[in-house]
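Spelled out from the first residue to the last, the chains are:
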Amino acid sequence: MIPTPLADPMMDDLRLRLRLLHLSDLHARAGRESEPWRRRRVLGPAWETNLDAILEDGPIDLVCFTGDAADWGKREEFAEADEFLAALLDRLGLPRDGLFVVPGNHDVDRSIHPDA
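Residues numbered from 1 in each chain as written. Predicted model: local features only at pLDDT ≥ 70, side-chain atom pairs only at ≥ 80, totals over all residues. Heavy atoms only, no water.

1. Notes on the pattern of salt bridges
Applied cut-off: A carboxyl oxygen of Asp or Glu within 4 Å of a side-chain nitrogen of Lys or Arg is what we treat as a salt bridge. Under the scheme used here, helices are H or I runs from DSSP no shorter than 4 residues and strands are E runs no shorter than 2 residues, and both carry numbers assigned from the N terminus. Only protein chains enter the calculation, and the probe is 1.4 Å; a residue is then buried if its accessible area is under 20% of its type maximum, exposed if over 50%, and partly exposed in between.
By the definition in use, this model includes 10 salt bridges. One salt bridge connects Arg32 with Asp71, and the closest N-O pair in it is separated by 3.2 Å. Here Arg32 is found in the loop between strand 1 (20-23) and helix 1 (36-43), whereas its partner Asp71 is found in the loop between strand 2 (62-66) and helix 3 (75-92), with 39 residues between them in sequence. Since its relative accessible area comes to 32%, Arg32 is described here as partly exposed. Exposure remark for Asp71: the relative accessible area of 10% places this residue in the buried category. Overlapping salt bridges bring together Arg29, Arg32, Glu33, Asp71 and Glu77 as one network.

Laid out in structure tokens, this is it:
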């Protein structure tokens, strides 16, 4: 039997830890936000407090954003989402390539080619 790093006590110091922060469904609306206080309630001071608590356990290695950064796939929505994600990466001390993004169904501007 071949020992694995996690099963071999001689290799305990080689254990690696990868911390991911998984986010989704920002649904940035740019100028169409009808109740901005709701978003600030979640992504304002409470968001900063949550990040502080997460970082107490060590640094984040990768942010995975899996869909719906925008609400209607509009350019201005992506600009808002980009500001949010850039600030998050800065706060976590990660470079741009520390962000992995998977588009969602709301990230498509269906008005560009409605027949598709």
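2. Focus on the pairing of strand 2
Put simply, the rule is: When DSSP locates at least two bridges between a pair of strands, those strands are taken to pair. When the strands point away from the viewer and the path from the first strand over the helix to the second turns clockwise, the crossover is right-handed.
Relative to strand 2, strand 1 is paired through 4 bridges, and the arrangement is parallel. In the strand pairing of strand 2, Leu23 is matched with Phe65. Inspection of the sheet shows strand 2 paired to strand 3 (residues 99-102) by 4 bridges, in the parallel sense. From the neighbouring strand, Thr66 faces strand 3, where its bridge partner is Val102. As a crossover connection, the stretch from strand 2 through helix 3 into strand 3 is right-handed.

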